[in-house]
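Summary of structural features
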Amino acid sequence: MPEELAALQQQVTLEPVAPGRIRERADAGETLATTGIPRYLNRRIASDADTPIALYRLVQLFGTPNVPGLEAGADQPERERRTWQYLFRVTYDPEDEPERELLLSVYDDRTNLSVGVSEWYDPEDSPERLAPEPTGDPLPSGDMPAEDTLVTLVKLVLSTVEHAVEATYEDLRV
């Protein structure tokens, strides 16, 4: 509902993480783990989202994807499901809860738009990779937001990437 989205926009700040900062963390030996919200909740969340339009909108707003190795023109790592990924810092300040800062990833899951929560961790026995494929497992710390917060984060992304206004100009739908 428009009223819900307007209230959400008052409670959330979304800003991309600088690619250099992501690379610094990776160079320091940390790995970016991502829990895919749809897989974690075991349900589809953005079945009507048009992935190419979402990516186009993200590029318009934030430039090319900011996770090194998953941006346009880069050497692409081995992958199974994902070809691009954005990492955002989200400050969520709901009226009835304490303020919380999260890392939010927006990426393609095969050909579908997907959203996940992310965190940096120091892998002990895992191969060194900047950002392994998102999973449905909880974050390595076990600190997962509540289900309603996860759904709110998905709504935030969808409200950001969907068409703001559709119109017709000279018999063309734009």
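Quick look at the structure, then. (Residues numbered from 1 in each chain as written. Predicted model: local features only at pLDDT ≥ 70, side-chain atom pairs only at ≥ 80, totals over all residues. Heavy atoms only, no water.)

What to know about the overall build of the chain
Applicable threshold: Each helix corresponds to a stretch of at least 4 residues labelled H or I by DSSP, and each strand to a stretch of at least 2 residues labelled E; elements are numbered beginning at the N terminus. Throughout, exposure labels follow a simple rule: accessible area from a 1.4 Å probe, protein chains only, divided by the maximum for the residue type, with under 20% read as buried, over 50% as exposed, and the rest as partly exposed.
Along its length, the chain carries five helices and seven strands. N-terminal to C-terminal, the α/β element order of the chain is α-β-α-β-α-α-β-β-β-α-β-β. Counting over 174 residues, the chain shows a buried share of 40%.

Side note on the environment of Asp50
Among the secondary structure elements, Asp50 is positioned in the loop between α3 (37–41) and α4 (51–62). Considered as a pair, Asp50 and Val161 are 111 residues apart in the sequence and their alpha carbons are 9.1 Å apart.

Things to note about empty space enclosed by the protein
The condition that has to hold: Two kinds of site are reported from a 1 Å grid over the protein atoms alone, namely cavities, where a 1.4 Å probe fits but cannot get out, and pockets, open sets with protein on both sides within 12 Å along at least five of seven lines, and residues are called lining when an atom falls within 4 Å of a point. Grid points are joined across faces, edges and corners, and a volume is the space filled by probe spheres set on the points.
According to the stated counting rule, one finds two cavities of 30 Å³ or more in the structure shown. In this structure, the largest cavity occupies an estimated 40 Å³ of space. In this structure, the largest cavity is lined by Arg39, Arg81, Arg82, Tyr107, Asp108, Asp109, Glu133 and Pro134. It is strand β4 (residues 100–109) that provides the largest number of residues to the lining of the largest cavity, a total of three residues.

Brief notes about the nonpolar core
In globular proteins that are soluble, nonpolar side chains generally tend to be buried together. Our working rule: In this description, a nonpolar core means a group of buried Ala, Val, Leu, Ile, Met, Phe, Trp, Tyr and Cys residues linked to one another through side-chain atoms lying within 4.5 Å.
Counting residues in hydrophobic clusters, the biggest one holds 26 residues, and the most contacted among them are Ile37, Leu58, Phe88, Leu104, Val106, Leu113 and Val117. Counting residues per element, this core draws most heavily on helix α5 (residues 147–161), at seven residues. Listed in part, the nine residues of the second largest apolar core include Val17, Leu32, Leu70 and Leu87.

Observations concerning the sheet that holds strand β2 (residues 31–36)
Quick reminder of the rule: Between any two strands, pairing holds if DSSP finds at least two bridges. For helices, the fitted axis covers only the stretch in contact; all axes are lines through C-alpha atoms, and the angles between them, taken along N-to-C directions, range from 0 to 180 degrees. The contact rule is simple, with two residues in contact once any of their heavy atoms fall within 4.5 Å.
Strand order in the open sheet formed by five strands is β1-β3-β4-β5-β2, with antiparallel pairing between adjacent strands. The strands lining the two open edges of the sheet, one partner per strand, are β1 (12–16) and β2. Each strand axis lies, on average, 35° off the axis of its neighbour in the sheet, ignoring direction. Contacts between α5 and the sheet are confined to β1, β3 (85–92), β4 and β5 (112–121), with β5 contributing the most and set at about 125° to the helix.

Description of the packing of aromatic side chains
Put simply, the test is: Two rings from Phe, Tyr or Trp (for Trp, the six-membered ring) form a pair when their centres are within 6.5 Å of each other. A pair whose planes differ by under 30 degrees is stacked, one over 60 is edge-to-face, and the rest are tilted.
Evaluated as defined, the whole model comprises three aromatic pairs. Where Phe62 meets Phe88, the ring centres are 4.9 Å apart and the plane angle is 65°; that geometry is what we call edge-to-face. Taken together, the residues span a long stretch of sequence, with Phe62 in helix α4 and Phe88 in strand β3 at a distance of 26 residues. On the accessibility criterion, Phe88 (2% relative accessible area) is buried. A ring pair is formed by Tyr86 and Phe88, whose centres lie 5.9 Å apart and whose planes are at 10°; its orientation type is stacked. A network of ring pairs unites the aromatic residues Phe62, Trp84, Tyr86 and Phe88 as a single cluster.

With respect to the pattern of salt bridges
Quick note on the threshold: Salt-bridge detection follows one rule: a side-chain nitrogen of Lys or Arg within 4 Å of a carboxyl oxygen of Asp or Glu.
Taken as a whole and assessed by the stated rule, the structure comprises six salt bridges. With a closest N to O distance of 3.5 Å, Glu147 and Arg43 form a salt bridge. Here Arg43 lies in the loop between α3 and α4 and Glu147 lies in helix α5, a separation of 104 residues in the sequence. With its nearest N and O atoms 3.3 Å apart, the salt bridge here joins Asp143 to Arg100. Note that Asp143 is positioned in the loop between β5 and α5 and Arg100 in strand β4, a separation of 43 residues in sequence.

Examining the side chain of Ser105
The condition that has to hold: Between N or O atoms, a polar contact is any pair within 3.5 Å; within protein, one atom must be a potential hydrogen donor and the other a potential acceptor, and residues adjacent in sequence are included only when both atoms are from side chains.
When you line up the elements, Ser105 lands in strand β4. Side-chain polar atoms of Ser105 contact the side chain of Gln85, separated by 2.9 Å. Contact partners of Ser105, with chain neighbours within four places excluded, come to Thr34, Gln85, Tyr86, Leu87, Ser114, Val115, Gly116 and Ser118.

What about α4?
Note the cut-off: Helix span is expected to be 1.5 Å times the residue number reduced by one. Within this analysis, the arc is defined by the directions that extend from the helix axis to the C-beta atoms.
Spanning 12 residues, α4 covers 16 Å between terminal C-alpha atoms, matching the ideal 16 Å at 1.5 Å per step. For α4, the complete set of buried residues consists of Thr51, Ala54 and Leu58. Within α4, the buried residues cover an arc of 55° as seen down the axis, which keeps them to one side. Counted as exposed and oriented over 90 degrees from the buried face of α4: Pro52 and Tyr56. Looking at the buried positions of α4, the neighbouring elements they touch are β3, β4, β5 and α5.

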